Structure formats: C-alpha cells, structure tokens
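Observations on the model geometry
One letter stands for each residue in the lines below.
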Amino acid sequence: MKFRLLALALLAVVPASGLAQQKLKFAHVYETSEPYHTYAVWASGEIAKRTNNRYTMDVFAASQLGNETQINQSLSLGTVDLIYTGQAFAARTYPPLSIGGAPYMFRDFDHWKKYSQSAVLGELADEYFKKGGNRPIAFTYYGVRHTTANKPIVKPEDMKGLKLRVPDAPLYVMYPKVVGANATPIAFAEVYLALQNKTVDAQENPLPTIEAKKFYEVQSHINLTGHITEMLLTIVGGQLWNKLSDADKKAFQDIFREAAVKATDEIAVSEQKLVDDFSGKYKKTVVKSDRAAFQQVFLKFHNGPDATWDKALYDKVQAIK
C-alpha cells in the first residue's frame, strides 16, 4: 500500500503531457533548401503546438535515414514515423497508384491539381492504406520533370542510346524504355557524382530539384521535356497512425495538407522563374522540347503491358476536367 501511494504521489508531480509525449521521426531524401523540407519543419512546429507537445517531430533531410527505398521500408518497420515519397515508390505496395506518375498522363498543371484533390486519388490512397497499413494524408506538387543532358533533346529520337539516370522504381523505366534510352537506376544522393563521372549521360527531375541538387553544374542542356507531373505523398506509418486519437489524426491531416498547399504554391512559382534563371543566371542552354511529339509516342503505352492500372482507372483520370 505504501509503495502504491508513493507511486501515485510521484505521478502527481510529473506533468501529464510529459507522460504521453512521443518524439517522431520524419524522413525524406530532399535538400534542406527545398520547400518540401521547409514545410515539413513548419509542420513539426504545428504538431507540437496543436497536440500540446504530446507529439514532437524531428525532420531528417537529404537521405540521412536512408534512400527512398529504405525509408519506405523503415516506415513499415516503425523505425521512422512519417515520410515523403514519390508515387512510383508507394506503388510498390499498391501498383495502380503509379498512374499519376506515368509519362504524359496529365494535360497540364491544372489537370494534375484537380487529380490531386479528386475522389479518384482519395480511393487509391485508401486502397494503399488497406494493402500496407500506412496512411497517405497529403499530396504535394513535386514539379514537372525535365531532362538534363550534355546535348539538346528536341524529339523522342534524340533520346536513343542515352544513359539516363532514373529513380530506382519500376514506373520510371517507362520513360527511357519507350524512347530508346538506357535506364540506369541510381539512388538520389549519388546522382551528381554519376553525372560528373559520366557513369550516366543524363538525368530527369523538376527544375527546382535540378537547381537544389546543382545538377546544372555537370550538365550543359536543360531540355524541357515535361514528361512527368510528379507529386510527393506524405505518409504516416501504420504503427503511429493506429494509436492516434481521431482528434490527433485530424490534426496531422490538417497540418500536412496545409503544408502541401504552401509547398505546392512555392514550387509552381519557382518553376516559372527557373526557366529564365537557367539560361541567364546559370548560363545553360534551355531547350524547348517538342512535347506534343513525345506525348504522341506515349499514348499507346498508357494502356499497354507496362501499365499497372486498368483502363477504367485511366478513363477516370482522363475524365477529370
């Protein structure tokens, strides 16, 4: 009895928030200079504020906790709590989710934006959750992917034989495969060196990423191929999600959706500015690729053997106006 009273007395002097406090780990592969990181840090502050410090969050940038494949695995193991990841990586768990990352799937930014807010994507995210137990809670615009190289790329045939670095996920191979380039999967953190050493001839990423990772230093041409309109998913690991109260789930969702809107707006603005910056400030040759010619080549592949979605899903995405 004496020990029980002592224990109760000790509990009484410990703040309730201290008892339940949990420090979370958010992992991603992007640079600290990029908006994704800036708003992950912003979200960290909001989580502490809106949960009365019951949850705090450290953000680990630039592959500190592993490459993209590894942080996806860590999420399922519970060794990280939240991540940013691309659609093609998430699609390893639920393949139809990769439709949003297929080359030339979207007509323009507006089409992508409506898709990102649509019931179609909401259903895909729910299926991903059912399959793997981890919960996507927000979708952030990553930018339109373009191709850097040491030569101009105007038509699809200009890609033939090019050793093109792609992320290590199946869908990204569709772009080089269709245009006759050689797909070379390399981890994000190793791309600069691979370009510098001529292990690969080219790489593809949105303009803000090309600037942040300084790929322009080792490539002469910025080719505006605009082949993939990419997004990042913010995903909460199942082990954390399942123990959050409904109120905390809503708080996490609200915070990261606000962060996604802020980052999306910033990326969209910087893409416009960077076209001029690459030719002026960085003295690179900016090439306006024939996007219509590329689109034409890819149309038949959208429902070909490499597609991990059915025609019904494809039609739903195309019907979004």
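Residues numbered from 1 in each chain as written. Predicted model: local features only at pLDDT ≥ 70, side-chain atom pairs only at ≥ 80, totals over all residues. Heavy atoms only, no water.

What about the overall build of the protein?
Across its full length, the protein holds 14 helices and 9 strands. Computed over C-alpha atoms, the radius of gyration of the protein comes to 22 Å, within 12% of the 20 Å expected from 2.2 N^0.38 for 321 residues, which places it in the range of a compact globule. Principal axes of the C-alpha set define a box for the protein whose edges measure 85 × 45 × 30 Å. Within the protein, the fraction of its 321 residues that count as buried is 52%. Here the analysis covers contacts within the protein between residues at least 6 apart in sequence; of these, 75% occur between residues at least 24 apart. For the protein, the accessible surface area stands at approximately 14300 Å², while carbon and sulfur atoms represent 55% of it. (Helix = DSSP H or I, 4+ residues; strand = E, 2+ residues; numbered from the N terminus. Rg over C-alpha atoms; globule rule 2.2 N^0.38 Å. Buried < 20%, exposed > 50% of the residue type's maximum accessible area, 1.4 Å probe, protein only. Contact = heavy atoms within 4.5 Å. Areas by Shrake-Rupley, 256 points an atom, 1.4 Å probe, with all protein chains shown as cover.)

Let's talk about the pairing of strand β3 (residues 82–86)
Of all the 5 residues making up β3, 5 are buried; the element is thus mostly covered by neighbouring parts of the structure. Side-chain alternation along β3 places Leu-82, Tyr-84 and Gly-86 on one buried face and Ile-83 and Thr-85 on a second face that is also buried. Summarising the sheet, strand β1 (residues 22–27) and β3 pair through 2 bridges and their orientation is parallel. The partner of Phe-26 across the bridge, within β3, is Leu-82. Bridge count between β3 and strand β8 (residues 221–236): 5 bridges; the pairing is antiparallel. Within β8, the residue paired with Leu-82 across the bridge is Val-236. (Pairing = 2+ DSSP bridges.)

Fair warning: the whole summary comes from geometry, so function is off the table for now.
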